[in-house]
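For reference, the chains in residue letters:
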Amino acid sequence: MTRLLKIKDNKQQRRTRTRRQIKNHTLRPRLCVHISLRHIYAQVIDDVEGKTLVASSTLKKNLKQSLSKQAEIIGKEIAEKCLKAKIKQVVLDRGCKTYHGRLKILAEASRQGGLEF
């Protein structure tokens, strides 16, 4: 197996491992976070019905702050939208990413906004 295929396979294994642990919490919706090099995407998904309840990203906004500041803004915004939709408890789906950097900032900002993990 080539090096790039091994990296891709390990990434997929980490993603399925975290999703398997999250699927046990069927009562709570899933806060799925995707972080690319330029943008941050966050959405709250109800896995029972297969619908996106709330979503927010940096695509629609002209944010000229640093990437960590953008993560904080998106975290607060997703928390506000969740509270308007009467969602207080979610499960954080970090995918294959580690709980570090912008992901941690987004999670802490959404906790300060009123969400419970």
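What counts as what
- Residues numbered from 1 in each chain as written.
- Predicted model: local features only at pLDDT ≥ 70, side-chain atom pairs only at ≥ 80, totals over all residues.
- Heavy atoms only, no water.
- Helix = DSSP H or I, 4+ residues; strand = E, 2+ residues; numbered from the N terminus.
- Axes fitted to C-alpha atoms, helices over the stretch in contact; angles between N-to-C directions.
- Left-handed = near helix turned anticlockwise from the far one by under 90°.
- Contact = heavy atoms within 4.5 Å.
- Nonpolar A, V, L, I, M, F, W, Y, C, P; charged D, E, K, R; others polar.
- Salt bridge = Lys/Arg side-chain N within 4 Å of Asp/Glu carboxyl O.
- Buried < 20%, exposed > 50% of the residue type's maximum accessible area, 1.4 Å probe, protein only.

*Asks:* What is the right way to read unusual backbone geometry from this model?
*Replies:* Outside of glycine, negative phi angles account for most residues, and trans bonds account for most peptide bonds. Of note, Lys 86 is a non-glycine position whose phi angle comes to about 60°, a positive value. Considering the arrangement of structural elements, one finds Lys 86 in the loop between α2 (67-84) and β4 (91-93).

*Asks:* Looking at this structure, I do not really get the packing of α2 against helix α3 (residues 102-112). What am I missing?
*Replies:* Helices that pack against each other are described as a pair by the angle of their axes relative to one another and the distance between those axes. Where α2 meets α3, the closest approach of the two axes is 7 Å, and the angle between their N-to-C directions is 35°. Judged by the twist between their axes, the crossing of α2 over α3 is right-handed. When α2 is examined against α3, the residues Leu 67, Ser 68, Ala 71, Glu 72, Ile 74, Gly 75, Lys 76, Ile 78 and Ala 79 are found in contact with a partner set consisting of Arg 102, Ile 105, Leu 106, Ala 109 and Ser 110. Taken together, the residues of the contact of α2 with α3 sort by class into eight nonpolar, three polar and three charged.

*Asks:* Can you walk me through the pattern of salt bridges in this structure?
*Replies:* Oppositely charged side chains may form a pair once their charged atoms are brought near each other. One pass over the full model with this rule turns up five salt bridges. Note that Arg 30 and Asp 47 form a salt bridge whose closest N and O atoms lie 2.9 Å from each other. Placement of the pair is Arg 30 in strand β1 (residues 30-35) and Asp 47 in the loop between β2 (40-46) and β3 (51-57), with a sequence separation of 17 residues. By relative accessible area, Asp 47 is classed as partly exposed at 34%. With its nearest N and O atoms 3.4 Å apart, the salt bridge here joins Glu 77 to Lys 81. In this pair, Glu 77 and Lys 81 are both assigned in helix α2, four residues apart and thus about one turn of the helix distant. Take Lys 81: its relative accessible area is 33%, and that puts it in the partly exposed class. Via salt bridges that share partners, Arg 30, Asp 47 and Asp 93 belong to a single interconnected network.

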